[in-house]
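Chains, contacts and geometry: an overview
What follows is each chain in one-letter form.
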Amino acid sequence: MKSLSFRVLVPVLATTIGLYLLVFGWILVDARRRARIDAETRAHETALRYADEVAAYVDRAFQIPRMLAAELAGLKAADVATGRDAVNAMLRQTLAAERDVLALYTLWEPDAFDGRDPDFVNTPGHDATGRFIPYWNRGAGDLLLEPLVDYATEGPGDYFLIPKRTGRDAWIEPYLYPVAGREVLITSLVSPVVVDGGFVGITGLDFDLETLADLAGEIRPFDDGYAILLSGGDVIVAHPERGRIGTKLTEADGLFASLAEARAAGGGDTAARPGFSRVLDAAVYYVSTPVAVRGIDTPWWLVVTVPQASVMAGATRQVLQVMAAGAVQTAAAVRQLAAEGSALSSGAQEQATAVEETGASLRQLVGMTERAAADACTAASMAAATRAEAEQGA
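This section reports on the structure supplied with the text. (Residues numbered from 1 in each chain as written. Predicted model: local features only at pLDDT ≥ 70, side-chain atom pairs only at ≥ 80, totals over all residues. Heavy atoms only, no water.)

**Thoughts on the environment of Asp 111**
- The topology assignment puts Asp 111 in the loop between β1 (103–108) and β2 (134–140).
- Spatially, the C-alpha atom of Asp 111 lies 9.7 Å from that of Thr 129, the residues being 18 residues apart in sequence.
- Excluding its chain neighbours within four sequence positions, the residues that come into contact with Asp 111 are Arg 116, Asp 117 and Pro 118. (Helix = DSSP H or I, 4+ residues; strand = E, 2+ residues; numbered from the N terminus. Contact = heavy atoms within 4.5 Å.)

**A closer look at empty space enclosed by the protein**
- Following the criterion strictly, the structure yields two cavities of 30 Å³ or more and no others.
- In this structure, the second largest cavity spans a volume of roughly 40 Å³.
- The wall of the second largest cavity is formed by Tyr 57, Arg 60, Ala 61, Ile 64, Glu 98, Asp 100, Val 101 and Phe 207.
- Broken down by element, the lining of the second largest cavity gets its largest block of residues, four residues, from helix α1 (residues 2–77).
- Of the residues contributing to the lining of the second largest cavity, the split by class is five nonpolar, no polar and three charged. (1 Å grid on protein atoms, 1.4 Å probe; cavity = no way out; pocket = protein on both sides within 12 Å on 5 of 7 lines; lining within 4 Å. Points joined across faces, edges and corners; volume = space filled by probe spheres on them. Nonpolar A, V, L, I, M, F, W, Y, C, P; charged D, E, K, R; others polar.)

**Digging into the pairing of strand β10 (residues 273–277)**
- Where β10 and strand β11 (residues 282–291) come together, five bridges link them in antiparallel fashion. If you follow Arg 273 over to β11, its bridge partner there is Tyr 286.
- Connecting the antiparallel pair β10 and β11 is a turn made up of four residues, with Asp 281 showing a positive phi of about 55°. (Pairing = 2+ DSSP bridges.)

**A look at the layout of surface pockets**
- Volume-wise, the largest pocket comes out at about 310 Å³.
- Secondary structure elements with two or more residues in the lining of the largest pocket: α3 (158–166) and β4 (170–171).
- Broken down by element, the residue count for the lining of the largest pocket peaks at three residues, all from α3.

**Focus: the nonpolar core**
- The biggest cluster of nonpolar side chains holds 57 residues, and the ones touching the most others in it are Leu 229, Val 291 and Leu 302.
- Per element, the largest residue contribution to this core is 17 residues, and it comes from α1.
- Contacts of Leu 229, omitting those with residues within four sequence positions, involve Val 54, Leu 212, Val 235, Ile 236, Val 237, Ala 238, Val 291, Trp 300, Trp 301 and Leu 302.
- In this structure, Leu 102, Ile 172, Val 190 and Ile 202 belong to the second largest nonpolar core, which totals 20 residues. (Core = buried A, V, L, I, M, F, W, Y, C linked by side-chain atoms within 4.5 Å. Buried < 20%, exposed > 50% of the residue type's maximum accessible area, 1.4 Å probe, protein only.)

Interpretation note: all reported values are geometric properties and have no functional meaning in isolation.
Listed below in structure tokens is the structure:
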């Protein structure tokens, strides 16, 4: 009878173990699929939120040259006499209040400000033309007045020539500019001054790229991630490797594919793209999102980098916990099957009863496994909902 017990018990145990592996294998695959989708969604939403924050920061800064341009244009249109000293005082006072700003300035066409350019040739804040071109900056720490330079030269003078040519606000690509005796990598936010439909000058604001790099450096998605800020021309403005600031992005960069996909989508509405970060030496998700500033046609781009391990960690722990619980349930059921299988040696009637009880135990195990699977799905849904609430609360 011992051989009969063995012949009945072996297939039952094999079926039990096979069922366990099948069901919990499916749980593992499905949970990781759900976790991946959740991770990509969270990475994309995080990128959108941070891009909006950077855009709001730049747009707020843009209000300064816009308001100055509107005020100066209004005074000029109303033929209100405004002296150069008064405008200089306005620029200096505004710059003193804006600690993140490197420089404020205005630049006027020849004799367009007050018709007195010859009276100011080579005086403080002027060059040999006498044009009104004050450049207030804090490049040396204290506020300093210098004349603007290179304004008639293509490239270095784009801060003046682009708004003059287009008659619109301009967010200038990063460039080197002399500030207080040293070359500084900057970007400019510039607004045209238009009087009676004609261009007469500009007002502008300069940021040291280090300021924007510090702003992007505060972005730490899921604690381990980081952000990269790119200009519309793919110049790196902010990067955790500071030595790359001011260099051009290349196709060799891991995030290039994400950026290309976002641009092809026509608005950055793209899913997180998996890649590998040399900075973290780890697998990551890249999400490229435009930094859309009002009045600027060519957006800059924020690329948020999220470590895959960080967003998948919770789901992996959950799967392991469910599988451990299932293993305990399976072990208990197997012990019960073994005990009931030994009853097969007590006679035909007892064998039949044991077989029936063995079948009942197997059905009970199947029920346990199905409940474990259901519990796993419920736990995954609750975890996702909890994370979503936490993200919204943050």
